Amino acid sequence: MQVSRVAEVIVETGGISMQKSLHYKIPEEMQSDNLVGSRVLIPLGNRQASGFVVGLAEDTSVDRKLKSIIKLLDQEPVLTKEQLRIARWISGYYFSSPQRTLQAIAHPVLNKTRSCREKHYYVNFSIEELNRVTREIRRAPKQVAVLNTTARSPGLTKKQLSEKACVSYTVIDTLISKGYLYFKEVMSDVNSTSYISPVKPELTGEQAKVVKNINFYLQKNVHKVFLLHGVTGSGKTEVYLRCIDCALQLKKSAIVLVPEISLTPQMIRCFKERLGNRVALLHSRMSKGERYEEWNRISQGHADVILGTRSAIFSPVNNLGIIVIDEEHEFTYKQGESPRYHARAVALYRAYVNSAAVVLGSATPSLESYCRAKDKGPYTLLKMDNRVDNIALPFVKVVDMRKEFSSGNKAIFGSELFNAVNKRLEDNEQVILFLNRRGFNTFVVCRECGMVLKCPNCDISLTYHHQGDLRCHYCNYSQMAPSLCPGCRSKYIGYFGTGTQKVEKEAKDLFPQARIIRMDADTTGRKGAHYRILKDFEERKADILIGTQMVAKGLNFSGVTLVGIISADTGLYIPDFRSAERTFQLITQVAGRSGRAKSGGEVIVQTFNPEHYAVTAAAAGDYEGFFKEEMNVRKEMQYPPYSRMIRLLFFGKDENKVNSLAEAAFKILQGYINEDKGIIAVGPSPAPLTRVRGNYRLHIVLWSKDEEILRDAVKKTYDYCVKSVGTGKNAGISVDVDPYSMI
Ligand SMILES: [Zn+2]
Ligand SMILES: [Zn+2]
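Just so it is clear, the structure is predicted and the values come from calculations on it, not from any experiment. Residue positions are counted from 1 within each chain, in the order its sequence is given. As a convention, the first chain written is A and the first ligand written is 1, with the rest following in written order. Reporting in this predicted model follows two pLDDT cut-offs: at least 70 for local features of residues, and 80 or more for side-chain atom pairs to be given and counted; totals over whole chains, interfaces and linings ignore these cut-offs and use all residues. The side-chain numbers reported here are obtained from all heavy atoms of the structure, hydrogens and water having been left aside.

Asker: Pulling in residues and values, what's your account of the overall build of the protein chain?
Answerer: Of regular secondary structure, the protein chain possesses 22 helices and 30 strands. In the protein chain, which comprises 743 residues, the proportion classed as buried is 55%. Note on definitions: a residue-residue contact is assigned when non-hydrogen atoms from the two residues lie within 4.5 Å. Taking the intrachain contacts of the protein chain between residues at least 6 apart in sequence as the baseline, contacts between residues at least 24 apart amount to 75%. Each helix corresponds to a stretch of at least 4 residues labelled H or I by DSSP, and each strand to a stretch of at least 2 residues labelled E; elements are numbered beginning at the N terminus. Using a 1.4 Å probe on the protein chains alone, a residue whose accessible area is under 20% of its type maximum counts as buried, one over 50% counts as exposed, and one in between counts as partly exposed.

Asker: So, the nonpolar core: which residues are in play, and what are the values?
Answerer: Membership of the largest hydrophobic core comes to 132 residues, with the highest contact counts inside it found for Ile544, Leu648 and Phe650. Considering each element in turn, this core owes the most residues, seven residues, to helix 21 (residues 655-674). Those residues in contact with Phe650 that lie beyond four places of it in its chain are Val658, Leu661, Ala662, Ala665, Tyr696, Arg697, Leu698, His699, Ile700, Cys721, Gly732 and Ile733. Take the buried residues of types Ala, Val, Leu, Ile, Met, Phe, Trp, Tyr and Cys, join any two whose side-chain atoms come within 4.5 Å, and each joined set is a nonpolar core. Residues Ile214, Met267, Ile322 and Ala357 belong to the second largest nonpolar core, which totals 33 residues.

Asker: Can you break down the sheet that holds strand 28 (residues 679-692) residue by residue, with the values?
Answerer: Paired strands, in this sense, are two strands between which DSSP finds at least two bridges. Across the sheet, four strands lie side by side as 28-29-27-30; this open sheet has antiparallel pairing. For this open sheet the edge positions go to strand 28 and strand 30 (732-737), each flanked by a neighbour on one side alone. Averaged over all pairs of adjacent strands, the angle between their axes in this sheet comes to 20°, without regard to strand direction. Pairing analysis gives nine bridges linking strand 27 (residues 644-652) to strand 29 (residues 695-704), with the strands arranged antiparallel. Looking at the pairing, Ile646 lines up with Leu702 of strand 29. Angles here are taken between N-to-C directions and fall from 0 to 180 degrees, while the axes themselves are lines fitted to C-alpha atoms, restricted in helices to the stretch in contact. Against the sheet, helix 22 (residues 707-725) makes contact with strand 27, strand 28, strand 29 and strand 30, and its axis sits at roughly 10° relative to strand 27, the strand it touches most.

Asker: Requested: an account of the coordination of the zinc ion (ligand 1), with residues and values cited.
Answerer: Only nitrogen, oxygen and sulfur atoms qualify as donors, and only when within 2.8 Å of the metal (3.2 Å in the case of Na, K and Ca); with water excluded, sites may look incomplete. Within the protein, the atoms that donate to the zinc ion (ligand 1) are Cys446 (SG), Cys449 (SG), Cys485 (SG) and Cys488 (SG), at distances of 2.3 to 2.4 Å. Angle rules define the geometry names used: all angles between 85 and 135 degrees makes four donors tetrahedral, while opposite donors over 155 degrees apart and all other angles between 65 and 115 make four donors square planar and six octahedral, leaving every other case irregular. Coordination geometry of the zinc ion (ligand 1): the four donor atoms subtend angles of 105 to 115° at the metal centre, consistent with an arrangement described as tetrahedral. In terms of primary sequence, the donors binding the zinc ion (ligand 1) are separated according to C-x2-C-x35-C-x2-C. With relative accessibility at 0%, the residue Cys485 sits in the buried group. Taking the relative accessible area as the measure of exposure, Cys488 reaches 31% and is therefore partly exposed.

Asker: Describe the side chain of Lys236, listing the residues and the values that go with them.
Answerer: For Lys236, the position within the fold is in helix 9 (residues 236-249). Although Lys236 is buried, it forms no salt bridge, and the closest oppositely charged side chain is Glu327 at an N-O distance of 5.6 Å. Setting aside residues no more than four positions away along its own chain, Lys236 makes contact with Leu228, Gly230, Val231, Asp326, Gly361, Ser362, Ala363 and Met384. In this tally Asp and Glu are treated as negative and Lys and Arg as positive; neither His nor the chain ends contributes. By convention in these notes, a salt bridge is any Lys or Arg side-chain nitrogen within 4 Å of a carboxyl oxygen on Asp or Glu.

Asker: Please provide a residue-by-residue account of the environment of Ala254, values included.
Answerer: Turning to its location among the elements, Ala254 is positioned in strand 10 (residues 253-257). When the C-alpha atoms of Ala254 and Ile322 are compared, they prove to be 4.9 Å apart, with 68 residues separating the residues in sequence. Every residue in contact with Ala254, bar those within four places of it in the chain, is listed here: Ile244, Asp304, Val305, Ile306, Leu320 and Ile322.

Asker: Give a description of the packing of helix 21 against helix 22 that names residues and reports values.
Answerer: Direction vectors running N to C along helix 21 and helix 22 enclose 150°, while the axes themselves pass 10 Å from each other. As summarised for this structure, helix 21 and helix 22 are arranged roughly antiparallel, according to the angle between their axes. Relative to helix 22, helix 21 is oriented so that their crossing is right-handed. Touching Leu661, Ala664, Ala665, Ile668, Leu669 and Tyr672 of helix 21 are Ile709, Asp712, Ala713, Lys716, Thr717, Tyr720, Cys721, Ser724 and Val725, all from helix 22. Amino acids outside the nonpolar list (Ala, Val, Leu, Ile, Met, Phe, Trp, Tyr, Cys, Pro) and the charged list (Asp, Glu, Lys, Arg) are all regarded as polar, and Gly is one of them. For the contact of helix 21 with helix 22, the class distribution of residues is 11 nonpolar, two polar and two charged. By the definition adopted for this analysis, an angle is roughly parallel if under 35 degrees, roughly antiparallel if over 145, roughly perpendicular if from 65 to 115, and oblique otherwise. Whether a crossing is left-handed or right-handed is set by the direction in which the near helix is turned from the far one by less than a right angle, anticlockwise for left-handed and clockwise for right-handed.

Asker: How would you sum up the pattern of salt bridges? Please name residues and give values.
Answerer: All chains considered together, the criterion is met by 36 salt bridges. For Asp400, the salt bridge is made with Arg402, and the minimal N-O distance between the two is 3.0 Å. With respect to burial, Asp400 and Arg402 carry one shared label: buried. One salt bridge in this structure joins Arg634 and Glu581, with 2.8 Å as the shortest N-O distance. In this pair, Arg634 is assigned in helix 20 (residues 623-637) and Glu581 in helix 18 (residues 579-591), connecting sequence segments 53 residues apart.

Asker: Tell me about the packing of aromatic side chains, and please be specific about residues and values.
Answerer: Working definition: a ring pair exists when centres of Phe, Tyr or Trp rings (six-membered ring for Trp) sit within 6.5 Å. Plane angles under 30 degrees give stacked, over 60 give edge-to-face, the rest tilted. Using the criterion set out here, one finds 21 aromatic pairs in the structure. Consider the rings of Tyr93 and Tyr94, whose centres lie 4.7 Å apart with planes at 80°: the pair is edge-to-face. Neither residue differs from the other here; Tyr93 and Tyr94 are each classed as buried. Ring pairs connect the aromatic residues Tyr370, Phe584, Tyr613, Tyr623, Phe626 and Phe627, which therefore count as one cluster. Across from the ring centre of Tyr217, 4.5 Å away, lies the NZ or CZ of Lys224, which sits over that ring. Ring-over charges, as used throughout, are those where CZ of Arg or NZ of Lys falls within 6 Å of the ring centre and within 35 degrees of the ring normal.

Asker: Can you break down the sheet that holds strand 19 (residues 463-464) residue by residue, with the values?
Answerer: In space, the three strands of this open sheet follow the order 19-20-21, with antiparallel pairing throughout. Only two strands of the sheet have a single neighbouring strand rather than two, namely strand 19 and strand 21 (478-480). By the bridge criterion, two bridges tie strand 19 to strand 20 (residues 469-471) in an arrangement that is antiparallel. Its bridge partner being in strand 20, Tyr464 is matched across the sheet by Leu470.

Asker: Would you mind going over the packing of helix 6 (residues 158-165) against helix 7 (residues 169-178) in detail, with residue names and values included?
Answerer: Their axes nearest at 9 Å, the elements helix 6 and helix 7 cross at an angle of 110°. Taken as axis vectors, helix 6 and helix 7 run roughly perpendicular relative to one another. As helix 6 runs across helix 7, the sense of the crossing is right-handed. Between helix 6 and helix 7, the contacting residues are Lys158, Lys159, Leu161 and Ser162 on the first element and Tyr169, Ile172 and Asp173 on the second.

Below is the structure:
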């Protein structure tokens, strides 16, 4: 006799998500269906809910009255077995609810709209017959309106037609059934590739060596992680393409992750030209229909190279051979909301499961990755130190803004940058001005000596609060803002911040002859806006491009010979232990935008901290030097990569309840600290963003060398909080494992 089986279901609830799966009987008629990975309708209490079938279990509960699944919601499973496995891993590692995780992975399928095959409508008679036909149906004026509209402008979609003729969809459907109208299905052109160019550029010696190394292991079918440390312009994209070629020849598929798709039009073009329609694109700027269509092409095997942002790591590819993560140090790979996964961590897991290769590429690798690749670590370090065509790296000049300040120039542009921009404008060359605006403009810096006020306990910049209160967002240390600089007794200590708009205004005043465009979150809201701005700049319709992080990504402009970094320090003041690392990465990346042309380039870095190692190392192009210095700092404070970090965030409308929840959580953690298990926990302290949408926020940051003990402590604390909060909405807790943002 066959053992009867029950379905394990993760229920989709509106409110608080359940941590565990529930069991349901599988009705007779569904026994043969492919249930695992599908969604089903199930009874829950006295209502109905949907849920994901995540597995089948033997029915060991003969006398327990299990309820039955009501019906199957999908014709085909929405998740593959591999995706379910990834979901389980993410929920476990990141303490995220299984429901939210499954929804995040299946997102393109769950949010499908009608596919992007559009119906275009036409009249089924010649235009001379229009009068005769409309007379026939003159009693239905709405139908007449539709026929008139369609005859005048053939090829409209249903939506356009109904809007233009002011009728409902039913009127159009009636005309279809009467035979007056017909439609053609047209594929919207997400994927049209104009031509495929099989021409591959010749590899440099460095590239060839790296490709050979990676492909050797690809062919051997073993899981292996490579860190490709190549300077900007060293031709990493070509390396990726050659390794993907190798994977495809082995009948394997590839996933390529990029930090921000709209900023990598050059890379997309490159992939499409070389691989044509085998490439599927997946990113958040596509419409739901487009994403669904791409998802289908992948699961049906029509596309086997997936190029996309963070969530493309979940794509339903079969037989995965290689995962490439370009600019692996970028923070956009970490999701800010639950499930707070890092795409690199998921990639490592997925590649491990598939015995696939991972290539992490960067000119400025994250400290975490680099220390795993150095000194015979688990990763293999591959280096490319020269630019393709041997174009020299740009000349970087550091300008001490303290001197400018004391000589009386209090403007945003120091005299060096001013003169350099003027010269470029005279020579008809292009300039990029970069402003690091991430984080806060509420840090305190002395404009005379460059001193930044830091927490004596945590070595983290203090943040300015109202009423002159300076506060550490890790340990909650606070002090009054001094009126004189503790370093040099100057009275020019205060908060400092400059926006792109202010830079734009000053640039317009200083360089009235220049054509200036600005690219930041305010000017790029509309779809395609990035692309248009960059295209204009590429076509030399502007002389100066002013921008934030967005201009730091992998773009090459042959006309740019000067990059000015307005204030290199901004990143140094972010209350985060990674602030020096971010500053180093940004200066290096931005500097890489200059001098891609044969003429060579110049970079001017304005700073109040010219001797800070993040600034000097970036100016000298000295990654190793930076790495050594920064690792010393991390070691001293026991920050990652010397430890693992987890952040607990408490939030809610009721400030008292949030406070007491955080206090209770800290008591549990205190047990671990008192027993000296090597956990450091600081807080609870107000999160830098203390209030978000009426929610009051507190956090506890904890870190430890011993990952197991740390996770155990967090698990106990988390379980306690979830239980004590219950279903109340006045306070809640969320966990961020390996946090990348502390705001
Ligand atoms: Zn000072
Ligand atoms: Zn502190």
